[in-house]
Amino acid sequence: MADVVPDDDGWPSEADPAAEGAEPLWPAAVAVVDVDFGSGWMDGVEFDYGRLRPPARERSPYQGGGFSIELPAVLDLLELIAKGQVNPRTAREALRDAAEGIYLPFTNMQFEHDRNMMARCERDQVSCPLCERRRGWFEGLLDAKDDWWERYNQPEVYPFIAGSGTVHTVACSVTRRVLPNQYERPSGDDYGLELRRYAHCVDASSGRSPLDHDSRYPRWKPLNAPETRAWMEANTGPKGGRLYKLCGHCEPAL
Ligand SMILES: [Zn+2]
Ligand SMILES: [Zn+2]
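Everything quoted here is computed from the prediction, not taken from an experiment.

*Asks:* Help me understand the overall build of the chain, please; the structure alone is not making it clear to me.
*Replies:* For the chain, the helix and strand inventory stands at six helices and six strands. By residue count, 22% of the 254 residues in the chain fall in the buried class.

What follows is the structure, given as structure tokens:
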């Protein structure tokens, strides 16, 4: 059987507990667009990007995801459609085209913002709003790492790892390759560097960050036998189909 290295399923990737996703870090970007409906123009329609993301209608920016439009323009547009002055399909395409046309400038602006924030942080991290805002989140992850490292050091109590749909023993050579031999919670200068690396790069909605694939950190949560069996049960389909594998290399006995 091929060696299967668990991916980062073990990392506690969670949305920011401070619900940052609900309150964008960057001020929403507004664009004023003259929309061409074929049969005429609607001038000065205000769009913004990044403020509203309804979970019921998640889609790509090219399909309108992340954009919103002022209500008076929508009401006027519906009125024009009701009077037969604008074809509804044309209206749909015109709005989508307008969103597509302004997507790139918005993302460029955000990229500029990210770079400026990093430069600012390198000059003065103590007052960096991003590091300050995400420090608690980072601390929570370090707490989890401490807990996992403690578990790694009690292999007789926590002998298993479950990640990427495969159960391993903690001693498995496949998983050892991507685990540290020693771990210490970052402190001093290292702490500031790691906080910056995390705070400026983490994805606020998923919790993914560059630290996920860093083998200086414990990467999965070691589990005891009942926890592993609960994980296996949670990963068994309704008809008893297994959604996981037992590693053929270390052959965990469960
Ligand atoms: Zn910072
Ligand atoms: Zn294994």
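*Asks:* What should I look at first to understand the pairing of strand 4 (residues 160-163) in this one?
*Replies:* Residues in a regular strand point their side chains to alternate faces of the sheet. Burial along strand 4 is two-sided: the face carrying Phe 160 and Ala 162 and the face carrying Ile 161 and Gly 163 are both buried. Alignment of strand 4 against strand 5 (residues 166-169), held across four bridges, turns out to be antiparallel. Residue pairing in the sheet places Ile 161 in a bridge with His 168 of strand 5. The hairpin formed by strand 4 and strand 5 contains two residues between the paired strands, and Ser 164 there has a positive phi angle of roughly 50 degrees.

*Asks:* Could you clarify how one ought to interpret the sheet that holds strand 6 (residues 245-246) in this entry?
*Replies:* Paired through their backbone hydrogen bonds, the strands of a sheet run either parallel or antiparallel. Pairing in this open sheet of three strands is mixed, and the strands run 4-5-6 from one edge to the other. Of all the strands in the sheet, just strand 4 and strand 6 have a single pairing partner and so form its edges.

*Asks:* It is not clear to me how unusual backbone geometry should be interpreted in this structure. Could you clarify?
*Replies:* Backbone phi values are negative for most residues with the exception of glycine, while trans is the configuration of most peptide bonds. Not every positive phi belongs to a glycine, and Glu 251 is a case in point at roughly 45 degrees. Assignment of secondary structure puts Glu 251 in the segment after strand 6.

*Asks:* Sorry, what's going on with the confidence of the model for the chain here?
*Replies:* Detail in the predicted coordinates should be disregarded across regions flagged by low pLDDT. With 87% of its residues at a pLDDT of 70 or more, the chain has an overall mean of 83. Confidence over residues 1-27 falls short of pLDDT 50; this stretch has 56 contacts with residues more than four positions distant or in other chains.

*Asks:* Whenever I open this one, the packing of helix 3 (residues 129-152) against helix 5 (residues 188-199) confuses me. Can you help?
*Replies:* For any two helices packed against each other, the geometry is given by the interaxial angle and the distance between the axes. Between helix 3 and helix 5, the least distance of the axes is 9 Å, while the angle of their chain directions is 95 degrees. Judged by the inter-axis angle, helix 3 sits roughly perpendicular to helix 5. Only Leu 195, Arg 196, Tyr 198 and Ala 199 of helix 5 make contact with helix 3, whose side of the interface consists of Leu 130, Cys 131, Arg 134, Arg 135 and Phe 138. Considering only residue class, the contact of helix 3 with helix 5 consists of six nonpolar, no polar and three charged.

*Asks:* Help me out: how do you make sense of helix 1 (residues 71-82) in this one?
*Replies:* Owing to its 3.6 residues per turn, the α-helix aligns residues three or four sequence positions apart on the same side. Between its first and last C-alpha, helix 1 extends 16 Å over twelve residues, near the 16 Å set by a 1.5 Å rise per residue. Directly beyond the C-terminal end of helix 1, a positive phi value near 80 degrees is found at Gly 84.

*Asks:* Please explain the pairing of strand 5 as it appears in this structure.
*Replies:* Taking every second residue as pointing to the same face, both faces of strand 5 are buried, with Thr 166 and His 168 on one and Val 167 and Thr 169 on the other. Of the strand pairs in this sheet, strand 5 and strand 6 are connected by two bridges, and their pairing is parallel. Each residue of the ladder has a partner; that of Thr 166, found in strand 6, is Lys 245.

*Asks:* Looking at this structure, I do not really get the environment of Phe 37. What am I missing?
*Replies:* Tracing the backbone shows Phe 37 in the loop between strand 1 (29-36) and strand 2 (41-49). When sequence neighbours within four positions are dropped, the list of residues in contact with Phe 37 reads Met 42, Val 86, Thr 90, Ala 91 and Ala 94.

*Asks:* In this structure, what is going on with the environment of Arg 229? I would like to understand it.
*Replies:* With respect to the helices and strands, the residue Arg 229 is situated in helix 6 (residues 225-234). Exposure remark for Arg 229: the 14 C-beta atoms within 10 Å place this residue in the partly exposed category.

Thresholds, definitions, all that
Residues numbered from 1 in each chain as written. Chains lettered and ligands numbered in written order. Predicted model: local features only at pLDDT ≥ 70, side-chain atom pairs only at ≥ 80, totals over all residues. Helix = DSSP H or I, 4+ residues; strand = E, 2+ residues; numbered from the N terminus. Buried ≥ 20, exposed ≤ 12 C-beta atoms within 10 Å, placed from the backbone. Pairing = 2+ DSSP bridges. pLDDT = per-residue confidence, 0-100. Contact = placed C-beta atoms within 7 Å. Axes fitted to C-alpha atoms, helices over the stretch in contact; angles between N-to-C directions. Parallel < 35°, antiparallel > 145°, perpendicular 65-115°, else oblique. Nonpolar A, V, L, I, M, F, W, Y, C, P; charged D, E, K, R; others polar. Expected span 1.5 Å × (residues − 1).

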